[in-house]
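Coordinates in review
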Amino acid sequence: MTVTVRFAPSPTGFLHIGNARPALLNWLYALKTGGSFVLRYDDTDLERSTAEFAAAIAEDLGWLGIVPDRVCRQSERIAAYDAAAERLKAAGLLYPCYETAEELERRRARARALGRPPVYDRAGLRLTPEERAALEAEGRKPHWRFLLPNHAGDPFSTVRTEESWQDLCRGEQAVDLASLSDPVLIRADGTYLYTLPSIVDDIDMGITHVIRGEDHVANTAVQLAIFAALDAKPPVFAHHNLLTTVSGEGLSKRKGALSLRSLREAGYEPLAVASLAVLTGTRHAIEPAESLAALAGQVELTDISRSAAKFNPDDLRPLNARLVHGLPFAAVSERLEALGIGGGAPFWDAVRANCETVADAQRWWQVVAGGADMPADAAPALEDAEYLKQAAELLPAEPWDETTWGAWTGALKAQTGRKGKALFLPLRLALTGAAHGPDMKTFLPVIGRRNSVARLP
C-alpha cells in the first residue's frame, strides 16, 4: 500500500505554529514511508476563504520545506459531495430537520436541567410529509443530519453501539455514539460543513492515513459511521497531542498564535521552527534537525505523548542559533547579499558563531564598515591611548590572515609585558566597540589593516 496523507487547512487566515504541527507530521510521515502528500484547501466557506490566504498557505508550507504532490480545492468538488448526499438521503441516512438554533439550544438546556445528555432527539426523523410541508410553508429551510448507527434495527431504540479504531498515536480508541447527536452535514443554506466533503475527498483521493489533532477524536467515530454508510474503507487514524501555550491554553488564529509568516520575518530558520513544532510533546529531546529527512527518521507516531505539547517561543532563539552556527556560506550568501552584507565567506565564517539569526550578521558588517555605519552601541573605545599608540606602531604589514592577530598581540606582549584582558580587551574595544564578539583571529583580517589603522590613535 502506498501511503497517502493530506493536510486540509481553511484559507481563511495565515498558518500559525499550531497548524505547523499536523502539516509537518503528515509531510514527515509521507517522507519516511515514500508516500505522497495532498494539500487540500477546505474552502467551502466562500465568504471567508480567499485566494490570497491560499497562496500564503502554499508559501508558508514551502518555507517549511513541504512540497505537495497534489493540490485540491473543495470548492471545485461540490458535485461529488452532492452525489454522496443524495446517496445517503436515498438510504434514509440523511434526514431533514427544521429547528432553529434558538430552539435547539432550549432543548439542550431542558435536557441538561433534567440530568440527561444534551443529545438531539431526532424529532426531524419523526416528521410526516405533511408536517414538513407545513414547516416549509412557514419559510423554514431544512438542515440535514446523518443518522448515526446507534440503534439495533429501530432508529428510536435506546440500544447504543460504539465505534472503535486502533489509533497510531493513542492506541485502542472507542467512542460511545450515545454521547453524540446525529451530526449536521448540510446547513439550511445548502452549504456543507466540514465532515461530508472531508470523507468524500478521503475516499476519492485514496487517503490512507489521517494524521491530525486529538480534538478530532470524537469526530472520528462519526466519520467511521459515514465511511461505512458509503461502503468505503476508512483510512488509518492518528490523533496527536496539540501544541498549547506554556500555561496550557490552546493555539489558534483567534487567540493570536504565532503565525509562520511572523516567525519567518523574525529571521527564524524553517528547520528550527519545524524541530520545535514536531519534537515538542514527544519523548525526544528538542534538538535542531539537520534536514526534514533527518527529522522524519527521528519521529515515530508512537513517540508522541498523550500529554499536551507546551510550546515556548523562547526556545526558538537558542535552537535557531545552533542551526545558524553551522550554516555554510553557500546556504546564506543570497540572504546576506539581500541585507547589503559583503565580505563573502571569510566574513560569514568569522561572525556566524555570534549570530542567533542570519540577519544578526548585519551588526557585525556595520562594525567592519565603521564610520557612520558603526552601530550606536559599538562606538570604538580609546581609553588606553598610550597602549593603543604602541599597538598602532606594531600593527603588522599586509597581507593579513588568521596568524596576524597572534603575531600582533605577541609583539605587544613582548614590548609591554601585558597579558590576558589587559593585552586583548583594549584592542577589541578600539577595533569593534564591543567587549565581546567574533574571534579576533578570524575577524581582524575581515576588518582589514586600513580600518584598523583608522581606529587606533
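Thresholds, definitions, all that
Residues numbered from 1 in each chain as written. Predicted model: local features only at pLDDT ≥ 70, side-chain atom pairs only at ≥ 80, totals over all residues. Heavy atoms only, no water. Buried < 20%, exposed > 50% of the residue type's maximum accessible area, 1.4 Å probe, protein only. Helix = DSSP H or I, 4+ residues; strand = E, 2+ residues; numbered from the N terminus. Pairing = 2+ DSSP bridges. Patch = residues over 30% accessible without salt bridge, like charges linked within 9 Å, V, L, I, M, F, W, Y side chains within 5 Å. Areas by Shrake-Rupley, 256 points an atom, 1.4 Å probe, with all protein chains shown as cover. Salt bridge = Lys/Arg side-chain N within 4 Å of Asp/Glu carboxyl O. Lys, Arg positive; Asp, Glu negative; His and termini not counted. Charge placed at Lys NZ, Arg CZ, Asp CG, Glu CD.

Side note on the pairing of strand β6 (residues 162-167)
Here β6 shows one buried face, formed by Glu163, Trp165 and Asp167, and one open face, formed by Glu162, Ser164 and Gln166. Across six bridges, the pairing between β6 and strand β7 (residues 171-176) is antiparallel. If you follow Asp167 over to β7, its bridge partner there is Gly171. From the end of β6 to the start of β7, which pair antiparallel, there are three residues.

A look at unusual backbone geometry
With an omega of 5°, the peptide bond between Glu398 and Pro399 qualifies as cis. Along the polypeptide, Pro399 turns up in the loop between α15 (385-393) and α16 (404-416). The residue Arg122 is not glycine, and still its phi comes out positive at about 60°. Of note, Arg122 is situated in the loop between α4 (101-113) and α5 (129-137). Its relative accessible area of 6% is what places Arg122 among the buried residues.

Comments concerning a negative patch on the surface
Residues Asp349, Asp401, Glu402 and Asp439 make up a contiguous surface patch of negative charge. Along the chain, Asp439 turns up in the loop between α17 (421-432) and α18 (440-455). Overall, Asp439 belongs to the partly exposed group, its relative accessible area being 44%.

Some remarks on the pattern of salt bridges
Per the counting criterion, the structure on display carries 27 salt bridges. One salt bridge connects Asp121 with Arg107, and the closest N-O pair in it is separated by 3.3 Å. Of the two residues, Asp121 is situated in the loop between α4 and α5 and Arg107 in helix α4; the sequence distance between them amounts to 14 residues. Look at Asp121 and you get partly exposed, because its relative accessible area is 38%. Its relative accessible area of 30% is what places Arg107 among the partly exposed residues. Shared partners join several salt bridges into a network, and the residues in it are Arg6, Arg40, Arg77, Asp201, Asp202 and Asp204.

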